[in-house]
Amino acid sequence: MGEKFPTPTLLIVIFFILSRLISTIGYSLRDDPESIRLASSDYGHILRENPAAVLYPNSIDEISSLIKFSNLISTPFSIAARGHGHSTMGQAMAPDGVVVDMMSLKNHHPSHASGIIVNTFNLSVNNNNYYADVGGGQLWIDVLHATLEHGLAPVAWTDYLYLTVGGTLSNAGISGSAFRFGPQISNVYEMDVVTGQGDFVTCSPQNNSDLFFGVLGGLGQFGIITRARIALEPAPKRVKWVRMLYNDFSAYARDQERLISVNGRKQSNALDYLEGSLLINQGSPNNWRSSFFPQSTYSRIISLVTKHGIIYSLEVAKYYDQHTETTVDKELELLLKGLSFLPGFVFEKDVAFVEFLNRVKSGEEKLQSQGQWDVPHPWLNLFVPKSRISDFDAGVLKGIVLKRNITTAPVLLYPMNRTKWDDRMSAVVPEEEVFYTVGFLHSSGFNEWEALEEQNKEILKFCASVGIEVKQYLPYYKTQQGWMNHFGSKWKTFQKRKALFDPKKILSPGQRIFNK
(Lines give C-alpha, C1' and ligand atoms only; values in the text may rest on other atoms or scores of the structure.)
Protein backbone atom coordinates (compact mmCIF):
# COMPACT_ATOMS: atom_id res chain seq x y z
CA MET A 1 0.00 0.00 0.00
CA GLY A 2 1.19 3.54 -0.78
CA GLU A 3 2.11 6.03 1.89
CA LYS A 4 -0.84 8.00 3.31
CA PHE A 5 -0.23 11.72 3.55
CA PRO A 6 -1.91 13.87 6.20
CA THR A 7 -4.94 15.85 5.05
CA PRO A 8 -4.56 19.62 4.51
CA THR A 9 -6.68 20.26 7.63
CA LEU A 10 -4.42 18.02 9.74
CA LEU A 11 -1.36 19.78 8.35
CA ILE A 12 -2.80 23.12 9.35
CA VAL A 13 -3.26 21.78 12.88
CA ILE A 14 0.36 20.59 12.87
CA PHE A 15 1.49 24.03 11.74
CA PHE A 16 -0.72 25.52 14.45
CA ILE A 17 1.00 23.44 17.14
CA LEU A 18 4.49 24.03 15.81
CA SER A 19 3.92 27.76 15.59
CA ARG A 20 3.18 27.85 19.30
CA LEU A 21 6.31 25.90 20.14
CA ILE A 22 9.07 27.19 17.91
CA SER A 23 8.21 30.66 16.62
CA THR A 24 7.07 34.08 17.71
CA ILE A 25 3.61 33.56 16.23
CA GLY A 26 2.27 32.53 19.63
CA TYR A 27 -1.50 32.22 19.62
CA SER A 28 -2.15 34.17 16.43
CA LEU A 29 -3.31 31.06 14.53
CA ARG A 30 -6.67 30.09 15.95
CA ASP A 31 -9.29 27.44 15.39
CA ASP A 32 -11.77 28.33 18.12
CA PRO A 33 -15.47 28.36 17.17
CA GLU A 34 -15.83 32.14 17.30
CA SER A 35 -12.84 32.76 15.01
CA ILE A 36 -14.14 30.17 12.56
CA ARG A 37 -17.64 31.65 12.65
CA LEU A 38 -16.46 35.18 11.93
CA ALA A 39 -14.32 34.06 8.98
CA SER A 40 -16.98 31.80 7.47
CA SER A 41 -19.36 34.56 6.41
CA ASP A 42 -19.18 38.00 4.81
CA TYR A 43 -21.27 41.08 4.11
CA GLY A 44 -23.26 39.17 1.51
CA HIS A 45 -24.61 36.65 4.06
CA ILE A 46 -25.41 34.31 1.18
CA LEU A 47 -22.51 31.85 1.15
CA ARG A 48 -20.90 30.22 4.16
CA GLU A 49 -17.57 28.37 4.08
CA ASN A 50 -15.68 27.24 7.19
CA PRO A 51 -11.88 27.60 7.24
CA ALA A 52 -9.77 25.19 9.26
CA ALA A 53 -8.09 28.10 11.05
CA VAL A 54 -7.73 31.87 11.12
CA LEU A 55 -4.40 33.68 11.27
CA TYR A 56 -4.33 36.94 13.22
CA PRO A 57 -0.84 38.03 12.17
CA ASN A 58 1.40 40.13 14.37
CA SER A 59 3.86 40.65 11.53
CA ILE A 60 4.26 40.26 7.78
CA ASP A 61 6.69 37.40 8.44
CA GLU A 62 3.86 35.31 9.87
CA ILE A 63 1.90 35.63 6.62
CA SER A 64 4.98 34.73 4.61
CA SER A 65 5.72 31.70 6.85
CA LEU A 66 2.16 30.42 6.51
CA ILE A 67 2.23 30.65 2.71
CA LYS A 68 5.67 29.02 2.49
CA PHE A 69 4.52 26.17 4.70
CA SER A 70 1.55 25.51 2.44
CA ASN A 71 3.86 25.49 -0.58
CA LEU A 72 6.15 22.91 1.04
CA ILE A 73 3.56 20.21 1.70
CA SER A 74 2.34 17.70 -0.86
CA THR A 75 -1.26 18.93 -0.74
CA PRO A 76 -1.19 22.70 -0.14
CA PHE A 77 -4.02 24.27 1.83
CA SER A 78 -5.67 27.41 0.54
CA ILE A 79 -5.17 30.87 2.04
CA ALA A 80 -7.38 33.95 1.75
CA ALA A 81 -6.70 37.49 2.94
CA ARG A 82 -9.69 39.06 4.65
CA GLY A 83 -10.04 42.76 5.35
CA HIS A 84 -13.36 44.09 6.61
CA GLY A 85 -15.23 41.14 5.08
CA HIS A 86 -17.29 43.35 2.75
CA SER A 87 -17.38 40.88 -0.14
CA THR A 88 -20.80 39.53 -1.06
CA MET A 89 -20.24 36.04 -2.53
CA GLY A 90 -17.52 34.45 -0.40
CA GLN A 91 -14.58 36.01 -2.22
CA ALA A 92 -12.51 36.26 0.99
CA MET A 93 -13.25 32.76 2.26
CA ALA A 94 -10.95 29.72 2.36
CA PRO A 95 -12.90 26.45 2.71
CA ASP A 96 -10.85 24.07 4.92
CA GLY A 97 -7.92 26.48 4.56
CA VAL A 98 -6.67 29.49 6.47
CA VAL A 99 -8.18 32.98 6.46
CA VAL A 100 -5.67 35.75 7.22
CA ASP A 101 -7.27 38.57 9.19
CA MET A 102 -5.44 41.57 7.71
CA MET A 103 -6.90 44.06 10.16
CA SER A 104 -4.75 42.49 12.86
CA LEU A 105 -1.83 44.38 11.30
CA LYS A 106 -3.29 47.84 11.99
CA ASN A 107 -0.55 48.63 14.51
CA HIS A 108 2.26 47.25 12.39
CA HIS A 109 4.35 49.96 10.69
CA PRO A 110 5.29 49.34 7.03
CA SER A 111 8.90 48.28 6.69
CA HIS A 112 9.45 50.80 3.88
CA ALA A 113 7.73 53.69 5.64
CA SER A 114 9.30 57.07 5.03
CA GLY A 115 8.24 60.39 6.40
CA ILE A 116 6.04 60.82 9.46
CA ILE A 117 4.48 57.95 11.39
CA VAL A 118 0.94 59.03 12.23
CA ASN A 119 -0.43 58.01 15.62
CA THR A 120 -0.36 54.22 16.05
CA PHE A 121 -1.52 53.41 12.55
CA ASN A 122 0.69 51.72 10.01
CA LEU A 123 0.71 54.84 7.92
CA SER A 124 3.40 57.35 7.08
CA VAL A 125 3.11 60.62 5.24
CA ASN A 126 5.68 62.40 3.14
CA ASN A 127 4.61 66.03 2.96
CA ASN A 128 6.98 66.89 0.12
CA ASN A 129 5.84 64.36 -2.47
CA TYR A 130 2.24 64.01 -1.29
CA TYR A 131 1.99 60.30 -0.71
CA ALA A 132 1.26 58.00 2.20
CA ASP A 133 2.56 54.52 2.98
CA VAL A 134 -0.49 52.63 4.18
CA GLY A 135 -0.83 49.08 5.45
CA GLY A 136 -3.00 46.70 3.47
CA GLY A 137 -5.21 46.06 6.49
CA GLN A 138 -5.86 49.73 7.17
CA LEU A 139 -9.39 51.10 6.77
CA TRP A 140 -9.81 54.03 4.39
CA ILE A 141 -11.68 56.00 7.06
CA ASP A 142 -8.57 55.83 9.25
CA VAL A 143 -6.37 56.81 6.33
CA LEU A 144 -8.60 59.83 5.79
CA HIS A 145 -8.39 61.03 9.39
CA ALA A 146 -4.65 60.42 9.64
CA THR A 147 -3.78 62.26 6.44
CA LEU A 148 -6.09 65.16 7.28
CA GLU A 149 -3.89 65.85 10.30
CA HIS A 150 -1.29 66.93 7.72
CA GLY A 151 -3.74 68.87 5.58
CA LEU A 152 -3.73 66.10 2.95
CA ALA A 153 -6.11 63.41 1.67
CA PRO A 154 -6.10 60.61 -0.93
CA VAL A 155 -7.33 61.63 -4.38
CA ALA A 156 -9.45 58.54 -5.08
CA TRP A 157 -12.20 57.04 -2.95
CA THR A 158 -14.89 54.42 -2.65
CA ASP A 159 -18.37 55.46 -1.52
CA TYR A 160 -18.01 53.43 1.69
CA LEU A 161 -14.86 54.12 3.72
CA TYR A 162 -14.94 51.16 6.12
CA LEU A 163 -13.05 48.96 3.68
CA THR A 164 -9.39 47.99 3.78
CA VAL A 165 -6.76 49.39 1.45
CA GLY A 166 -5.72 45.92 0.28
CA GLY A 167 -9.32 44.91 -0.32
CA THR A 168 -10.25 47.80 -2.59
CA LEU A 169 -6.93 47.71 -4.49
CA SER A 170 -7.50 44.02 -5.20
CA ASN A 171 -10.66 45.02 -7.08
CA ALA A 172 -10.29 48.61 -8.33
CA GLY A 173 -11.85 51.00 -5.85
CA ILE A 174 -14.43 53.18 -7.59
CA SER A 175 -16.74 56.06 -6.79
CA GLY A 176 -17.92 59.32 -8.29
CA SER A 177 -14.35 60.61 -8.39
CA ALA A 178 -13.22 57.94 -10.89
CA PHE A 179 -14.21 59.91 -14.02
CA ARG A 180 -11.53 62.47 -13.14
CA PHE A 181 -8.94 60.77 -10.93
CA GLY A 182 -9.46 57.18 -12.01
CA PRO A 183 -10.07 54.23 -9.68
CA GLN A 184 -7.95 53.80 -6.57
CA ILE A 185 -5.66 51.38 -8.42
CA SER A 186 -4.66 54.26 -10.72
CA ASN A 187 -3.36 56.20 -7.72
CA VAL A 188 -0.75 53.79 -6.32
CA TYR A 189 2.98 54.40 -6.64
CA GLU A 190 4.40 51.30 -4.97
CA MET A 191 3.40 48.22 -2.97
CA ASP A 192 4.78 45.54 -0.69
CA VAL A 193 3.29 42.17 -1.58
CA VAL A 194 3.64 38.67 -0.15
CA THR A 195 3.30 36.41 -3.19
CA GLY A 196 1.63 33.02 -3.43
CA GLN A 197 5.06 31.48 -2.84
CA GLY A 198 5.58 33.44 0.37
CA ASP A 199 8.13 35.87 -1.07
CA PHE A 200 8.12 39.45 0.22
CA VAL A 201 8.41 41.74 -2.81
CA THR A 202 8.41 45.52 -3.19
CA CYS A 203 6.96 46.39 -6.57
CA SER A 204 6.19 49.48 -8.64
CA PRO A 205 5.77 50.39 -12.33
CA GLN A 206 9.57 50.42 -12.56
CA ASN A 207 10.51 47.44 -10.35
CA ASN A 208 8.84 44.01 -10.39
CA SER A 209 6.24 45.64 -12.61
CA ASP A 210 4.52 42.41 -13.63
CA LEU A 211 3.58 41.75 -10.01
CA PHE A 212 2.61 45.39 -9.46
CA PHE A 213 0.21 45.53 -12.39
CA GLY A 214 -1.07 42.02 -11.75
CA VAL A 215 -1.98 42.62 -8.11
CA LEU A 216 -3.90 45.84 -8.81
CA GLY A 217 -7.36 44.59 -9.66
CA GLY A 218 -6.03 41.02 -9.45
CA LEU A 219 -8.69 39.74 -7.02
CA GLY A 220 -6.04 38.50 -4.59
CA GLN A 221 -4.74 35.86 -7.00
CA PHE A 222 -1.04 36.76 -7.06
CA GLY A 223 -0.20 38.10 -3.62
CA ILE A 224 -1.36 39.74 -0.42
CA ILE A 225 -0.91 43.52 -0.27
CA THR A 226 0.80 44.53 2.98
CA ARG A 227 1.68 48.12 2.06
CA ALA A 228 0.59 50.56 -0.62
CA ARG A 229 2.05 53.98 -1.39
CA ILE A 230 -0.97 56.04 -2.38
CA ALA A 231 -1.26 59.49 -3.93
CA LEU A 232 -2.35 62.43 -1.79
CA GLU A 233 -3.24 66.04 -2.47
CA PRO A 234 -3.98 69.08 -0.28
CA ALA A 235 -7.32 68.42 1.38
CA PRO A 236 -10.30 70.73 0.79
CA LYS A 237 -12.39 71.97 3.70
CA ARG A 238 -15.94 71.87 2.39
CA VAL A 239 -18.14 70.57 -0.44
CA LYS A 240 -20.89 72.04 -2.59
CA TRP A 241 -23.16 69.03 -3.09
CA VAL A 242 -26.00 69.14 -5.63
CA ARG A 243 -28.67 66.70 -6.79
CA MET A 244 -30.90 67.17 -9.83
CA LEU A 245 -33.81 65.02 -10.99
CA TYR A 246 -34.66 63.84 -14.53
CA ASN A 247 -37.53 61.88 -16.03
CA ASP A 248 -35.88 61.52 -19.45
CA PHE A 249 -33.01 59.02 -19.65
CA SER A 250 -31.50 60.46 -22.82
CA ALA A 251 -31.18 63.90 -21.25
CA TYR A 252 -29.83 62.36 -18.05
CA ALA A 253 -27.12 60.39 -19.88
CA ARG A 254 -26.25 63.29 -22.17
CA ASP A 255 -25.75 65.66 -19.24
CA GLN A 256 -23.62 63.16 -17.33
CA GLU A 257 -21.39 62.55 -20.33
CA ARG A 258 -21.00 66.27 -20.91
CA LEU A 259 -19.96 66.86 -17.30
CA ILE A 260 -17.34 64.09 -17.22
CA SER A 261 -15.76 65.41 -20.44
CA VAL A 262 -14.15 68.10 -18.25
CA ASN A 263 -11.85 65.76 -16.38
CA GLY A 264 -8.27 66.98 -16.22
CA ARG A 265 -6.66 66.46 -12.83
CA LYS A 266 -5.41 70.05 -12.83
CA GLN A 267 -8.56 71.61 -14.31
CA SER A 268 -9.92 73.88 -11.61
CA ASN A 269 -13.28 74.10 -13.39
CA ALA A 270 -13.87 70.34 -13.32
CA LEU A 271 -16.24 68.61 -10.91
CA ASP A 272 -14.67 66.54 -8.15
CA TYR A 273 -17.44 63.95 -8.02
CA LEU A 274 -20.31 62.74 -10.20
CA GLU A 275 -22.68 59.87 -9.56
CA GLY A 276 -26.19 58.99 -10.63
CA SER A 277 -28.89 56.85 -9.10
CA LEU A 278 -32.50 55.83 -9.59
CA LEU A 279 -35.57 56.66 -7.57
CA ILE A 280 -37.84 53.68 -8.02
CA ASN A 281 -40.49 51.90 -5.98
CA GLN A 282 -39.38 53.60 -2.75
CA GLY A 283 -41.58 54.82 0.06
CA SER A 284 -39.09 57.62 0.74
CA PRO A 285 -36.82 59.44 -1.72
CA ASN A 286 -33.96 59.01 0.77
CA ASN A 287 -32.35 55.60 1.04
CA TRP A 288 -29.73 54.11 3.34
CA ARG A 289 -26.82 55.60 1.39
CA SER A 290 -27.58 59.17 2.41
CA SER A 291 -30.31 61.53 3.50
CA PHE A 292 -30.38 64.42 1.09
CA PHE A 293 -33.81 65.57 -0.02
CA PRO A 294 -35.74 67.87 2.35
CA GLN A 295 -38.72 66.12 3.88
CA SER A 296 -40.97 68.90 2.61
CA THR A 297 -40.26 67.72 -0.97
CA TYR A 298 -41.08 64.04 -0.42
CA SER A 299 -44.64 64.17 -1.75
CA ARG A 300 -43.57 65.99 -4.94
CA ILE A 301 -40.77 63.52 -5.60
CA ILE A 302 -42.92 60.47 -4.88
CA SER A 303 -45.54 61.81 -7.29
CA LEU A 304 -42.86 62.02 -9.99
CA VAL A 305 -41.81 58.42 -9.36
CA THR A 306 -45.42 57.25 -9.42
CA LYS A 307 -46.05 59.06 -12.71
CA HIS A 308 -42.90 58.02 -14.58
CA GLY A 309 -41.91 54.71 -12.92
CA ILE A 310 -38.24 55.74 -12.74
CA ILE A 311 -36.74 59.10 -11.86
CA TYR A 312 -33.02 59.59 -12.48
CA SER A 313 -31.00 61.52 -9.91
CA LEU A 314 -27.78 63.24 -10.98
CA GLU A 315 -25.46 63.97 -8.07
CA VAL A 316 -22.39 66.22 -8.34
CA ALA A 317 -19.92 67.81 -5.95
CA LYS A 318 -17.33 70.55 -6.06
CA TYR A 319 -14.71 70.82 -3.30
CA TYR A 320 -13.41 74.11 -1.97
CA ASP A 321 -11.28 75.69 0.75
CA GLN A 322 -10.49 79.19 2.00
CA HIS A 323 -8.69 79.99 -1.26
CA THR A 324 -11.56 78.99 -3.57
CA GLU A 325 -14.65 79.73 -1.50
CA THR A 326 -15.24 82.99 -3.41
CA THR A 327 -15.16 81.28 -6.83
CA VAL A 328 -16.72 77.85 -6.25
CA ASP A 329 -20.34 78.98 -6.72
CA LYS A 330 -19.54 80.60 -10.08
CA GLU A 331 -17.61 77.57 -11.30
CA LEU A 332 -20.45 75.26 -10.31
CA GLU A 333 -23.00 77.53 -11.95
CA LEU A 334 -21.07 77.46 -15.24
CA LEU A 335 -20.76 73.67 -15.15
CA LEU A 336 -24.48 73.16 -14.57
CA LYS A 337 -25.63 75.83 -17.03
CA GLY A 338 -27.74 74.40 -19.82
CA LEU A 339 -28.42 71.03 -18.17
CA SER A 340 -31.83 69.46 -18.79
CA PHE A 341 -32.94 68.53 -15.26
CA LEU A 342 -36.56 69.04 -14.24
CA PRO A 343 -37.24 72.66 -13.23
CA GLY A 344 -37.83 72.98 -9.52
CA PHE A 345 -36.06 69.71 -8.74
CA VAL A 346 -32.51 70.80 -7.97
CA PHE A 347 -31.26 70.53 -4.39
CA GLU A 348 -28.03 71.76 -2.81
CA LYS A 349 -26.10 71.23 0.40
CA ASP A 350 -22.91 72.73 1.74
CA VAL A 351 -21.14 70.21 4.00
CA ALA A 352 -17.74 69.51 5.53
CA PHE A 353 -15.35 67.44 3.42
CA VAL A 354 -15.28 64.54 5.92
CA GLU A 355 -19.08 64.54 6.19
CA PHE A 356 -19.37 64.21 2.43
CA LEU A 357 -16.83 61.40 2.08
CA ASN A 358 -18.32 59.51 5.03
CA ARG A 359 -21.91 60.08 3.90
CA VAL A 360 -22.85 56.37 3.81
CA LYS A 361 -21.99 55.79 7.48
CA SER A 362 -25.16 57.42 8.83
CA GLY A 363 -27.24 55.12 6.65
CA GLU A 364 -25.33 52.11 7.93
CA GLU A 365 -25.94 53.12 11.53
CA LYS A 366 -29.64 53.57 10.82
CA LEU A 367 -29.93 50.10 9.30
CA GLN A 368 -27.91 48.54 12.12
CA SER A 369 -30.28 50.05 14.67
CA GLN A 370 -33.17 48.47 12.77
CA GLY A 371 -31.46 45.09 12.42
CA GLN A 372 -31.32 45.48 8.62
CA TRP A 373 -27.54 45.63 8.04
CA ASP A 374 -26.40 42.05 8.68
CA VAL A 375 -28.79 40.59 6.10
CA PRO A 376 -28.28 39.01 2.66
CA HIS A 377 -26.95 41.38 -0.01
CA PRO A 378 -27.36 39.84 -3.48
CA TRP A 379 -25.53 42.68 -5.24
CA LEU A 380 -24.87 42.99 -8.94
CA ASN A 381 -22.35 45.55 -10.23
CA LEU A 382 -21.80 46.00 -13.95
CA PHE A 383 -19.82 48.11 -16.39
CA VAL A 384 -21.94 48.87 -19.47
CA PRO A 385 -20.54 50.38 -22.72
CA LYS A 386 -21.86 53.84 -23.52
CA SER A 387 -23.11 52.70 -26.95
CA ARG A 388 -25.56 50.28 -25.28
CA ILE A 389 -26.62 52.20 -22.19
CA SER A 390 -29.93 53.27 -23.76
CA ASP A 391 -30.67 49.64 -24.63
CA PHE A 392 -29.81 48.72 -21.04
CA ASP A 393 -32.20 51.35 -19.73
CA ALA A 394 -35.02 50.15 -21.96
CA GLY A 395 -34.49 46.42 -21.56
CA VAL A 396 -33.25 46.12 -17.99
CA LEU A 397 -34.39 49.15 -16.01
CA LYS A 398 -37.73 49.83 -17.72
CA GLY A 399 -38.16 46.17 -18.62
CA ILE A 400 -36.92 43.65 -16.08
CA VAL A 401 -36.64 45.85 -12.99
CA LEU A 402 -39.98 47.64 -13.34
CA LYS A 403 -41.73 44.45 -14.39
CA ARG A 404 -40.53 42.44 -11.41
CA ASN A 405 -41.17 45.36 -9.04
CA ILE A 406 -38.98 43.99 -6.24
CA THR A 407 -36.12 46.52 -6.32
CA THR A 408 -36.29 48.83 -3.33
CA ALA A 409 -32.55 49.22 -2.70
CA PRO A 410 -30.26 51.86 -4.25
CA VAL A 411 -29.45 51.48 -7.94
CA LEU A 412 -26.42 53.47 -9.09
CA LEU A 413 -25.86 54.53 -12.71
CA TYR A 414 -23.11 56.90 -13.80
CA PRO A 415 -20.32 57.12 -16.42
CA MET A 416 -16.53 56.88 -16.25
CA ASN A 417 -13.64 57.58 -18.61
CA ARG A 418 -11.56 54.62 -19.75
CA THR A 419 -8.44 56.76 -20.19
CA LYS A 420 -8.28 57.05 -16.39
CA TRP A 421 -7.64 53.28 -16.16
CA ASP A 422 -4.31 51.56 -16.82
CA ASP A 423 -4.81 48.60 -19.15
CA ARG A 424 -1.65 46.91 -17.82
CA MET A 425 -3.52 46.18 -14.60
CA SER A 426 -5.70 43.12 -14.07
CA ALA A 427 -8.97 45.03 -13.70
CA VAL A 428 -11.29 44.67 -16.69
CA VAL A 429 -13.52 47.39 -18.16
CA PRO A 430 -15.35 47.76 -21.52
CA GLU A 431 -13.35 48.78 -24.57
CA GLU A 432 -15.24 52.03 -25.19
CA GLU A 433 -13.85 55.35 -23.94
CA VAL A 434 -16.98 56.07 -21.89
CA PHE A 435 -18.71 53.31 -19.95
CA TYR A 436 -21.29 53.28 -17.18
CA THR A 437 -21.16 51.63 -13.81
CA VAL A 438 -24.51 50.18 -12.76
CA GLY A 439 -24.87 48.90 -9.22
CA PHE A 440 -27.88 47.02 -7.86
CA LEU A 441 -27.18 47.26 -4.12
CA HIS A 442 -29.88 44.91 -2.86
CA SER A 443 -30.65 44.06 0.74
CA SER A 444 -33.19 41.40 1.63
CA GLY A 445 -34.57 39.12 4.28
CA PHE A 446 -32.86 35.79 4.79
CA ASN A 447 -35.71 33.99 3.01
CA GLU A 448 -36.12 36.53 0.21
CA TRP A 449 -32.72 37.00 -1.45
CA GLU A 450 -33.30 34.24 -4.02
CA ALA A 451 -35.84 36.40 -5.92
CA LEU A 452 -33.30 39.21 -6.22
CA GLU A 453 -30.61 36.76 -7.30
CA GLU A 454 -32.98 35.46 -9.99
CA GLN A 455 -33.44 39.03 -11.19
CA ASN A 456 -29.65 39.41 -11.37
CA LYS A 457 -29.44 36.28 -13.50
CA GLU A 458 -32.22 37.54 -15.78
CA ILE A 459 -30.35 40.83 -16.26
CA LEU A 460 -27.15 39.03 -17.24
CA LYS A 461 -29.05 36.68 -19.54
CA PHE A 462 -30.78 39.59 -21.24
CA CYS A 463 -27.50 41.42 -21.82
CA ALA A 464 -25.96 38.30 -23.34
CA SER A 465 -28.99 37.68 -25.58
CA VAL A 466 -28.98 41.19 -27.10
CA GLY A 467 -25.21 41.53 -27.29
CA ILE A 468 -24.61 44.09 -24.52
CA GLU A 469 -21.03 43.23 -23.56
CA VAL A 470 -21.12 44.04 -19.87
CA LYS A 471 -18.24 43.44 -17.49
CA GLN A 472 -18.91 42.57 -13.87
CA TYR A 473 -17.32 44.65 -11.13
CA LEU A 474 -16.71 42.63 -7.96
CA PRO A 475 -17.15 39.68 -10.36
CA TYR A 476 -18.56 36.29 -9.49
CA TYR A 477 -18.53 33.33 -11.88
CA LYS A 478 -19.00 29.63 -11.19
CA THR A 479 -17.00 28.31 -14.15
CA GLN A 480 -13.55 28.98 -15.53
CA GLN A 481 -15.16 29.65 -18.90
CA GLY A 482 -17.05 32.48 -17.26
CA TRP A 483 -13.77 33.90 -16.00
CA MET A 484 -12.15 33.47 -19.41
CA ASN A 485 -14.97 35.46 -20.99
CA HIS A 486 -14.68 38.09 -18.27
CA PHE A 487 -10.95 38.70 -18.75
CA GLY A 488 -11.08 38.32 -22.52
CA SER A 489 -7.76 39.34 -24.05
CA LYS A 490 -6.26 39.61 -20.54
CA TRP A 491 -6.91 35.97 -19.68
CA LYS A 492 -3.58 34.60 -20.95
CA THR A 493 -1.67 37.26 -19.04
CA PHE A 494 -3.75 36.50 -15.94
CA GLN A 495 -2.92 32.79 -16.25
CA LYS A 496 0.76 33.53 -16.78
CA ARG A 497 0.91 35.70 -13.67
CA LYS A 498 -0.85 33.03 -11.63
CA ALA A 499 1.72 30.44 -12.72
CA LEU A 500 4.54 32.85 -11.93
CA PHE A 501 3.46 34.18 -8.53
CA ASP A 502 1.12 31.47 -7.16
CA PRO A 503 1.90 28.28 -9.11
CA LYS A 504 0.22 25.98 -6.57
CA LYS A 505 -2.99 28.04 -6.67
CA ILE A 506 -3.02 28.68 -2.94
CA LEU A 507 -4.36 32.22 -2.74
CA SER A 508 -7.95 33.49 -2.79
CA PRO A 509 -9.86 30.27 -3.49
CA GLY A 510 -13.14 32.08 -2.75
CA GLN A 511 -12.90 33.85 -6.11
CA ARG A 512 -13.32 30.42 -7.78
CA ILE A 513 -11.08 31.33 -10.70
CA PHE A 514 -8.63 28.42 -10.68
CA ASN A 515 -10.48 25.97 -8.44
CA LYS A 516 -11.31 22.54 -9.77
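Reading the values: rules and limits
Residues numbered from 1 in each chain as written. Predicted model: local features only at pLDDT ≥ 70, side-chain atom pairs only at ≥ 80, totals over all residues. Heavy atoms only, no water. Phe/Tyr/Trp six-rings, centres within 6.5 Å; stacked < 30°, edge-to-face > 60°. Helix = DSSP H or I, 4+ residues; strand = E, 2+ residues; numbered from the N terminus. Buried < 20%, exposed > 50% of the residue type's maximum accessible area, 1.4 Å probe, protein only. Lys NZ or Arg CZ within 6 Å of the ring centre and 35° of its normal. Core = buried A, V, L, I, M, F, W, Y, C linked by side-chain atoms within 4.5 Å. Contact = heavy atoms within 4.5 Å. Polar contact = N/O pair within 3.5 Å; in protein donor to acceptor, adjacent residues only side chain to side chain. Salt bridge = Lys/Arg side-chain N within 4 Å of Asp/Glu carboxyl O.

Draft legend 1. Region of interest: the packing of aromatic side chains. Throughout the structure, instances matching the rule amount to 30 aromatic pairs. An angle of 75° between the planes, with centres 5.2 Å apart, marks the rings of Tyr319 and Phe353 as edge-to-face. Taken together, the residues Tyr319 in strand 14 (residues 311-320) and Phe353 in helix 11 (residues 353-357) connect sequence positions 34 residues apart. Overall, Tyr319 belongs to the buried group, its relative accessible area being 14%. Ring centres 4.9 Å apart and planes at 70° place the aromatic pair Tyr477 and Trp483 in the edge-to-face group. This pair shows no difference in class: Tyr477 is buried, exactly as Trp483 is. Among the aromatic side chains, those forming a connected cluster through ring pairs are Trp241, Tyr273, Phe292, Phe293, Tyr319, Phe347, Phe353 and Phe356. For the cation-ring pair, Arg243 lies above Phe293, with the distance from its terminal atom to the ring centre recorded as 5.6 Å. The side chain of Arg300 reaches across the aromatic face of Phe345, ending 4.2 Å from its centre.

Draft legend 2. Structural context of the environment of Phe347. Mapped onto the elements of the fold, Phe347 is located in strand 15 (residues 346-352). Using a relative accessible area of 7% as the deciding quantity, one classes Phe347 as buried. In the structure, Phe347 is positioned 103 residues away from Met244 in sequence and 6.4 Å away in space, judged by C-alpha atoms.

Draft legend 3. How the structure looks around the nonpolar core. Core analysis: the largest hydrophobic core is formed by 123 residues, its most contacted members being Met191, Phe392, Trp421 and Phe440. When near neighbours in sequence (up to four residues on either side) are disregarded, Phe440 contacts Pro378, Trp379, Leu380, Phe392, Val396, Leu397, Val401, Pro410, Val411 and Ile459.

Draft legend 4. Region of the structure containing the side chain of Asp133. Counting through the fold element by element, Asp133 comes out in strand 7 (residues 131-135). For Asp133, a relative accessible area of 0% translates into the label buried. Within the structure, the side chain of Asp133 is placed 2.6 Å from the side chain of Arg227, a separation counted as a polar contact. Here Arg229 takes part through its side chain, which lies 2.9 Å from a polar atom of the side chain of Asp133.

Draft legend 5. Here's a closer look at the pattern of salt bridges. Summed over the entire model, instances satisfying the criterion amount to 25 salt bridges. With its nearest N and O atoms 3.0 Å apart, the salt bridge here joins Asp210 to Arg497. Placement of the pair is Asp210 in helix 7 (residues 209-215) and Arg497 in helix 16 (residues 491-501), with a sequence separation of 287 residues. Judged by relative accessible area, which is 7%, Arg497 ranks as buried. Shared partners join several salt bridges into a network, and the residues in it are Asp133, Glu190, Asp192, Arg227 and Arg229.

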